[in-house]
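Given next are the chains, with one letter for each unit.
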Amino acid sequence: MFKALHLQNFKSWQDTGTINLAPITAFFGNNSSGKSTILQFLLLLKQTIESSDRHRVLHTGDQRSYVNLGTFHNIAHNHTIANPIEFSLTWELPQALEILDPQGKDILFNIKTLEFHSKIQLQPDQVCVDYFRYCFTSNTEAISFGLQRKAHQYQLQATGYQPKRVKGRPWELPNPIKNYGFPDQASGYFQNTGFLSDFSLAYENAFQQTYYLGPLREYPQRLYAWAGEKPQDVGQRGELAISALLASRQLPKIKQGKGKKAIALEAYIAQWLKKLGLIETFKVQPIGENRQEYEVKVQQTPHSPEVFITDVGFGLSQILPVLVLCYYAPPGSTIILEQPEIHLHPSVQAGLADVFVDAIKTRQIQIIVESHSEHLLRRLQRRIAEAEEGLNPQDIQLYFCTSNPDGQSTMTPLAIDSFGNIANWPEQFFGDEMGDLIAMTEAAMKRQMGERLETHA
């Protein structure tokens, strides 16, 4: 689970400051205020990891990637390529990373939380890593390992630990792997650094357990083909949601809490759809024996006939991938959602907050969401005030993003207390609601006065 992010000189952000990330982290703000950029940066790191090119420092995107950000010039703050992109990312490991002493059998380090720092800049002909390092605390001592570029050469840097060079000629270290990996020589040239690849592997694992669902979801279909595959997620547009539901039939059932019977994911989703007031029943079934085509049938009310998912409101097909991903993703995963409330009724938007609260509790996942929904936010505030199932302010981090006239983004962490109150509510957070009410009242009074004058004329 990601714990913190700090980003400098990326697109509209000169400096985000430290962004603390909780089980539910939500970014609100006006259009083009920089909130989506935070999500884009995490996706940029993920697609760089997944790139087959070991020498590509940043995979800024193509038609098949999560985001397509153009060139380094496009992502540099104010398009000033002289300013390097710097960032730090802190995450909690799903299980402690035990580093064994290369020269013995004892455990050298026992790591529960890792922090990664990197500085990336554009040289005359290519994007380069200026430095990267992994930091952690072991027995209250600060430890770090990394690579530093000096005079066009890379050197191994360590704090709190002394690498021992292999005897012989001190060969130069080659370039890092992408922007985070130690080259093999960083272990081969030293007697006691064979564990360095464990750090980059932990970094990769953090993003391999990160899943993304975009704001535009696929239209529903009358038939879905499934040949037994098990997708990693529901796809960027939710196109694999039904395949994931079918694959989940082979997975362990979802626990509903103490004293309640565990049920299959498909039944759990149907339960949520009913609770949200969208439909009465939901099922996925083959169109015939030994066929790989499946149909999704729903019943809108207890007494209405079953119909295809294509024959009901569009909102159902839009929220379905969100629900499936929240409960299909493995425990401990991080889910990134962009505007999950699109095409949803306000009451369903509010109910979506309850889905998030339930998912972080039952699945121990993390949800990072960018949203415009006041209804979602209000429900989160309410659940904190009610202390629903132990929900507390530490489970949620809320941010409000704005953009100044120069196009530079700023971020305000919203201070929410145990009663759900936001102490530093930004002015016109969701528009000027009070101003609209006052203007409507004044207009009504003016109109009534005019009608009275006409009556007495």
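The structure presented is a predicted model; accordingly, all values stated were derived computationally and were not measured.

Chemist: Give a detailed account of the sheet that holds strand β2 (residues 13-20), specifying residues and quantitative values.
Modeler: As summarised here, the arrangement of the seven strands in space is β2-β1-β4-β5-β6-β7-β8, forming an open sheet in which the pairing is antiparallel. Of all strands in the sheet, those bounded by a partner on one side alone are β2 and β8 (153-159). Neighbour-to-neighbour, the strand axes of the sheet open up by a mean angle of 15°, direction not taken into account. Judged from the eight bridges that link them, strand β5 (residues 107-122) and strand β6 (residues 127-138) form a sheet pairing that is antiparallel. Counted as the bridge partner of F116 is Y134 from β6. Here helix α1 (residues 35-50) sits on the sheet and contacts β1 (2-10), β2 and β4 (85-100); the angle it forms with β1, its principal contact strand, is near 100°.

Chemist: Describe the nonpolar core, listing the residues and the values that go with them.
Modeler: One finds F282 and Y327 to be the most contacted residues of the largest nonpolar core, which totals 68 residues. It is helix α7 (residues 314-328) that contributes the most residues to this core, 10 residues altogether. When residues no more than four places from it in sequence are discounted, the contact partners of Y327 are I254, L265, Y268, I269, W272, V355, D358, A359, T362 and R363. Core analysis: the next-biggest nonpolar cluster, separate from the first, contains 65 residues, L44, I111, A202 and I336 among them.

Chemist: Tell me what's going on with helix α8 (residues 346-362), and back it up with residues and numbers.
Modeler: Every α-helical turn comprises 3.6 residues, leaving residues that sit three or four positions apart pointing alike. Over its 17 residues, α8 runs 25 Å from end to end, which matches the ideal 24 Å to within 8%, given 1.5 Å per residue. Judged by how many residues are buried, α8 sits mostly within the fold: 13 of 17 residues are covered. Once α8 finishes, Q364 follows within two positions and takes phi at roughly 55°, a positive value.

Chemist: Account for the sheet that holds strand β16 (residues 396-403), naming residues and giving values.
Modeler: Taken together, six strands build an open sheet; the order of strands is β9-β14-β15-β3-β16-β17 and the sheet is mixed. Lying at the two open borders of the sheet, with one neighbouring strand each, are β9 (210-213) and β17 (409-413). Strand-to-strand twist in this sheet, taken as the mean axis angle between neighbours without regard to direction, amounts to 20°. Pairing of strand β3 (residues 24-29) with strand β15 (residues 366-370) involves four bridges; the strand directions are parallel. Opposite I24, over in β15, you have I367 as the bridge partner.

Rules and cut-offs
- Residues numbered from 1 in each chain as written.
- Predicted model: local features only at pLDDT ≥ 70, side-chain atom pairs only at ≥ 80, totals over all residues.
- Heavy atoms only, no water.
- Pairing = 2+ DSSP bridges.
- Helix = DSSP H or I, 4+ residues; strand = E, 2+ residues; numbered from the N terminus.
- Axes fitted to C-alpha atoms, helices over the stretch in contact; angles between N-to-C directions.
- Contact = heavy atoms within 4.5 Å.
- Core = buried A, V, L, I, M, F, W, Y, C linked by side-chain atoms within 4.5 Å.
- Buried < 20%, exposed > 50% of the residue type's maximum accessible area, 1.4 Å probe, protein only.
- Expected span 1.5 Å × (residues − 1).

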